[in-house]
Amino acid sequence: MFRHAILLALLYSGSAWAGTLPTTGPVSIPTHDAFFDAIRRHCGKAFEGKVSIDNPASPGFEGRLVMHVRKCSDTQLQIPFHVGEDRSRTWLISKTGSGLQLKHDHRHKDGSSDKSTMYGGHTLDAGWATVQSFPADQYSKELFSAAGNPQSNGNTWQMYVYPEKFTYRLVREGREFRVDFDLTKPVALPPTPWGYAD
């Protein structure tokens, strides 16, 4: 009888505790939420940027640079990054329940996925409300190695969001690339990125 009463008490307390668990979307911590929300505030707007660091210099970023905070939900931000007429790149920032994930969705003009797509990384710590870092994940490392680019296994992508500026940065040993976008001057919205629909 006594054992039965203890079992019932444990079951009741367990079910009561389970009732307090979040039921809508992944949980998150304050710095990740603040960072995510700071970008989401610009949803529906586009901004022009410029390369501020490219060391060593590499081709592929000639032309007008525009980021478009295009679609936003409670768990994902879709941010196309247009380079001139090249509409192939979209940054995906997602809440995973254990942090934030950054993926690079690369498409061809016909909408099909590029062979190098969905690479990126996941936060490893709290970061800051204004800055988050995404070291390359295992999928990305295997993708880079298979493509003959093992040096990219050391990639860390960083994003900074301040009231007047958004920065996308890539760093690894021997390489730094940075684009700064002016958040004070929204520009005309670019066309739909390749592979996406309105």
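Bear in mind that the values here come from a model prediction, so they are computed numbers and not experimental data.

Draft legend 1. Seen up close, the overall build of the protein. Helix and strand counts for the protein come out as three helices and eleven strands. Here the protein holds 198 residues, and the buried ones make up 40% of them. Put simply, 48% of the contacts in the protein that link residues at least 6 apart link residues at least 24 apart.

Draft legend 2. Region of the structure containing the nonpolar core. Membership of the largest hydrophobic core comes to 31 residues, with the highest contact counts inside it found for I39, W91, W157 and F166. Not counting the four nearest positions on each side in its chain, W91 is found in contact with M67, L77, Q78, I79, F81, L102, K103, H104, M159, F166, Y168 and F181.

Draft legend 3. The arrangement of the state of the cysteines in detail. Counted according to the given criterion, the structure contains one disulfide. At a sulfur-sulfur separation of 2.1 Å, the disulfide partner of C43 is C72. Disulfide C43 to C72: torsion about the S-S bond roughly 110 degrees, handedness right-handed. Of this pair, C43 sits in the loop between α2 (30-40) and β1 (46-55) while C72 is found in strand β3 (residues 71-72), placing the two residues 29 residues apart along the sequence. Under the relative-accessibility criterion, C43 is labelled partly exposed at 31%. Of the residues examined, C72 reaches a relative accessible area of 27% and is grouped as partly exposed.

Draft legend 4. Region of the structure containing the pairing of strand β5 (residues 86-95). Counting buried positions over the ten residues of β5 gives nine, a clear majority of the element. Pairing between strand β4 (residues 76-83) and β5: seven bridges, direction antiparallel. Bridging across to β5, Q78 finds its partner in L92. Count of turn residues in the β4/β5 antiparallel hairpin: two residues, of which G84 carries a positive phi of about 60 degrees. Sheet topology places β5 next to strand β6 (residues 100-106); seven bridges connect them, and they run antiparallel. What sits directly across from S94, in β6, is Q101. The turn joining β5 and β6, which pair antiparallel and follow one another in sequence, is formed by four residues; a positive phi near 95 degrees is taken by G97.

Draft legend 5. How the structure looks around the pairing of β6. For β6, a buried count of six out of seven residues is recorded, marking the element as mostly surrounded by other parts of the structure. Examined bridge by bridge, β6 and strand β7 (residues 119-122) share four bridges and lie antiparallel to one another. From the neighbouring strand, L102 faces β7, where its bridge partner is G121.

Draft legend 6. Structural detail: the environment of A197. For A197, the location among the structural elements is in the segment after β11 (175-187). Distance in space between the C-alpha atoms of A197 and G111 is 9.8 Å, their sequence separation being 86 residues.

Draft legend 7. Quick look at α2. Buried within α2 we find H32, F35, F36, A38 and I39. Relative to the axis of α2, the buried residues are bounded by an arc of 160 degrees and lie together on one face. In this structure, the buried residues of α2 make contact with β4, β5, β6, β8 (131-135), β9 (156-161) and β10 (165-172).

Draft legend 8. Summary view of the side chain of D180. The topology assignment puts D180 in strand β11. Reaching out from D180, the side chain makes a polar contact with the side chain of R178 at a distance of 3.0 Å. If sequence neighbours within four positions are ignored, D180 has contacts with E48, G49, K50, S52, K165, F166 and T167.

Draft legend 9. Structural context of the layout of surface pockets. Space inside the largest pocket adds up to approximately 560 Å³. Residue lining of the largest pocket: 24 residues in total, with F61, H106, Y119, N155 and L170 positioned closest to the centre. When residues of the lining of the largest pocket are traced back to their parent elements, those giving at least two are β5, β6, β10 and β11. Taken together, the residues of the lining of the largest pocket sort by class into eleven nonpolar, ten polar and three charged.

Scoring rules and cut-offs
Starting afresh in each chain, residues are numbered from 1 along the sequence in its written order. It should be noted that, the model being predicted, local features are given only for residues of pLDDT at least 70 and side-chain atom pairs only at 80 or more, the latter also being counted only at that level, while totals for whole chains, interfaces and linings use all residues. The side-chain values count all of the structure's non-hydrogen atoms but skip hydrogen atoms and water molecules. A run of H or I in DSSP counts as a helix once it spans at least four residues, and a run of E counts as a strand once it spans at least two, with each numbered from the N terminus. Burial here depends on accessible area, computed with a 1.4 Å probe over protein chains only, as a share of the maximum for the residue type. Under 20% is buried, over 50% is exposed, and the range in between is partly exposed. Whether two residues are in contact is decided by their heavy atoms, any of which lying within 4.5 Å being enough. Buried Ala, Val, Leu, Ile, Met, Phe, Trp, Tyr and Cys residues that are joined via side-chain atoms within 4.5 Å together make up what is termed a nonpolar core. Throughout, a disulfide means two cysteine sulfur atoms within 2.5 Å of one another. In this description, strands pair whenever DSSP reports at least two bridges between them. Read the arc as the range of directions from the helix axis to the C-beta atoms. Polar contact is defined as a pair of N or O atoms within 3.5 Å, subject to the rule that within protein one atom must be able to donate a hydrogen and the other to accept it, and that residues adjacent in sequence are counted only when both atoms are side-chain atoms. Buriedness of a pocket was judged along seven lines, with at least five required to meet protein on both sides within 12 Å; pockets are open sets of points on a 1 Å grid over the protein atoms alone, cavities are sets where a 1.4 Å probe fits but cannot get out, and lining residues have an atom within 4 Å of a point. Grid points are joined across faces, edges and corners, and a volume is the space filled by probe spheres set on the points. When residue character is reported, Ala, Val, Leu, Ile, Met, Phe, Trp, Tyr, Cys and Pro are called nonpolar, Asp, Glu, Lys and Arg charged, and the others, Gly included, polar.

In short, the description is geometric, and any link to function would need to be established separately.
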